[in-house]
Amino acid sequence: MNSNYFHMPYVYPYVTNPYQAPYVRYPYSHYYGSYQSYQDVRQPVRGQATWTEGGAVTQCGIPWSANLYMTVAVGQNTPYKCGDTLKIKNLANGREVLVTVVDQVAGYGANKVNLHKRAFEALGANVDLGVINVEITTGIELEEEKWGKYLLEIVQSAYSNYNVTDYNRISKTQQNANQMTETYKYVLRSPQETINIEGTVAYNPNTDRIISIDLKEV
């Protein structure tokens, strides 16, 4: 199968001014899904994952190229919603990756997902297999943090040779009436190593405008 997709890396003017066209993507945006829509599906589900190179149009209106192609299609009648983050674990080797739900398909249950080819390969799977046994986790507490998910895509873009496998919020501090600061820890994995990245975002809680973003290896 041939992909027609072409991914332009993010540029930091988008980070410092998320309201500037064409990247009008607020943390509350439908692009990331409604945070009230998360289901309490905290227990991992074991099932299978196939792969695809995606198409030009998705049911969610989110491109397959989002999150550096760490994306997935899910069943239409499952707890998984557009914009949700799923943690997929390859049961054959223990490798994990976080993927964004960008499409919905008929006939898939909660135990089956269709990964983008790059996400399938990031799990250490040979595409010739076509299907692998996986563990699917969602509804985890970290997904309820809008700024953590907002930073997730930035971290994945900044460290494009790594795959983000987990993250959690480590602090939230109100500096004053017009500034809130949140810090998250991200676990990134490559074939050679695992590293931890600390991401901090300062924003105005009244307008959700970003004041600053900082990433550092810890």
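Bear in mind the structure is a predicted one, so any value in this text is a computation, not a measurement.

Novice: Can you help me understand the confidence of the model for the chain in this one?
Specialist: Do not read the predicted coordinates in detail wherever pLDDT is low. Taken residue by residue, the chain gives an average pLDDT of 80. The fraction at 70 or more is 78%. For residues 1-41, every residue scores under 50 in pLDDT, and the model assigns this stretch 82 contacts once sequence neighbours within four places are set aside.

Novice: Any chance you could explain the pairing of strand β9 (residues 194-203) here in plain terms?
Specialist: Each regular strand shows side chains that alternate between the opposite faces of the sheet. By the criterion of burial, β9 is predominantly enclosed, with eight of the 10 residues buried. With 10 bridges connecting them, strand β8 (residues 179-189) and β9 associate as antiparallel partners. Of the residues in β9, the one forming a bridge with Tyr-186 is Ile-197. Hairpin connection, β8 to β9: the antiparallel pair is bridged by four residues. Pairing geometry for β9 and strand β10 (residues 210-217), over seven bridges, is antiparallel. Bridge pairing links Glu-198 to Lys-216 in β10. The loop that links β9 with its antiparallel partner β10 comprises six residues; one of these, Asp-208, has a positive phi angle of about 65 degrees.

Novice: Help me understand the sheet that holds strand β6 (residues 131-137), please; the structure alone is not making it clear to me.
Specialist: For sheets, the rule is that strands pair by backbone hydrogen bonds, running either parallel or antiparallel. The six strands are arranged β1-β5-β2-β4-β3-β6 in a closed barrel whose pairing can be described as mixed. Across the sheet, the mean angle from the axis of one strand to that of its neighbour is 45 degrees, orientation sign disregarded. Two elements, strand β3 (residues 85-90) and β6, share four bridges in a ladder whose sense is antiparallel. Paired with Lys-87 across the two strands is Thr-137, which belongs to β6.

Novice: Would you mind going over the packing of aromatic side chains with me for this structure?
Specialist: Remark: the centre distance and the inter-plane angle together describe each pair of aromatic rings, the angle taken between the planes. With the rule as written, the count across this model stands at six aromatic pairs. Taking 4.5 Å as the distance between ring centres and 25 degrees as the angle between the ring planes, the aromatic pair formed by Trp-147 and Tyr-203 counts as stacked. With a gap of 56 residues between them, Trp-147 in helix α3 (residues 146-158) and Tyr-203 in strand β9 connect regions that are remote in the sequence. Here Trp-147 matches Tyr-203 in class, with each residue buried. Among the aromatic residues, those joined into a ring-pair cluster are Trp-147, Tyr-150 and Tyr-203. When the ring centre of Tyr-69 is taken as origin, the NZ or CZ atom of Arg-118, which lies over that ring, is 3.9 Å away.

Novice: How should the state of the cysteines be read in this particular structure?
Specialist: Think of a disulfide as a covalent bridge from one cysteine sulfur atom to another cysteine sulfur atom. For the coordinates displayed, the defined rule picks out one disulfide. In this model, Cys-60 is linked to Cys-82 through a disulfide, with the two sulfur atoms separated by 2.1 Å. Taking the torsion about the sulfur-sulfur bond, which here is approximately -75 degrees, the covalent link between Cys-60 and Cys-82 counts as left-handed. Remark: Cys-82 occurs in the loop between β2 (71-75) and β3 and Cys-60 occurs in the loop between β1 (45-52) and β2; sequence separation between them is 22 residues.

Novice: What is the right way to read the environment of Glu-153 from this model?
Specialist: Along the chain, the position of Glu-153 falls in helix α3. The exposure class assigned to Glu-153 is buried, which follows from its relative accessible area of 8%. The spacing of Glu-153 and Val-164 is 11 residues in sequence and 9.3 Å in space, taken between C-alpha atoms.

Novice: Any chance you could explain the side chain of Glu-182 here in plain terms?
Specialist: Looking at where Glu-182 falls in the secondary structure, it is placed in strand β8. In this structure Glu-182 comes out as buried when scored by relative accessible area, which is 3%. At a separation of 2.5 Å, a polar atom in the side chain of Glu-182 contacts the side chain of Tyr-184. Among the polar contacts listed, one links the side chain of Glu-182 to the side chain of Tyr-203, at a separation of 2.6 Å. If we ignore the near neighbours within four places in the chain, the residues touching Glu-182 are Trp-147, Arg-169, Ser-171, Lys-172, Gly-199, Thr-200, Val-201 and Tyr-203.

Novice: Help me understand the side chain of Lys-87, please; the structure alone is not making it clear to me.
Specialist: Secondary-structure assignment places Lys-87 in strand β3. Of note is the side chain of Lys-87, whose polar atom sits 3.2 Å from the side chain of Asp-166. In contact with Lys-87, not counting residues within four places along its chain, are Glu-96, Val-97, Leu-98, Glu-135, Ile-136, Thr-137, Thr-165 and Asp-166.

Novice: Hey, could you run me through the nonpolar core in this one?
Specialist: In globular proteins that are soluble, nonpolar side chains generally tend to be buried together. Ranked by internal contacts, the top residues of the largest apolar core, which has 28 residues, are Val-72, Leu-86, Ile-88, Val-99, Val-113 and Leu-115. Secondary structure elements with two or more residues in this core: β1, β2, β3, β4 (96-105), β5 (112-116), α2 (117-122) and β6. At four residues, the largest contribution of residues to this core is made by β4. Each residue touching Val-113, except ones within four places of it in the same chain, is listed here: Gln-48, Ala-49, Thr-50, Val-72, Ala-73, Val-74, Leu-86, Ile-88, Tyr-108 and Ile-136. Counting 20 residues, the second-largest nonpolar core is a separate cluster that includes Tyr-167, Leu-188, Ile-197 and Ile-210.

The rules we used
Residues numbered from 1 in each chain as written. Predicted model: local features only at pLDDT ≥ 70, side-chain atom pairs only at ≥ 80, totals over all residues. Heavy atoms only, no water. pLDDT = per-residue confidence, 0-100. Contact = heavy atoms within 4.5 Å. Buried < 20%, exposed > 50% of the residue type's maximum accessible area, 1.4 Å probe, protein only. Helix = DSSP H or I, 4+ residues; strand = E, 2+ residues; numbered from the N terminus. Pairing = 2+ DSSP bridges. Axes fitted to C-alpha atoms, helices over the stretch in contact; angles between N-to-C directions. Phe/Tyr/Trp six-rings, centres within 6.5 Å; stacked < 30°, edge-to-face > 60°. Lys NZ or Arg CZ within 6 Å of the ring centre and 35° of its normal. Disulfide = S-S within 2.5 Å. Polar contact = N/O pair within 3.5 Å; in protein donor to acceptor, adjacent residues only side chain to side chain. Core = buried A, V, L, I, M, F, W, Y, C linked by side-chain atoms within 4.5 Å.

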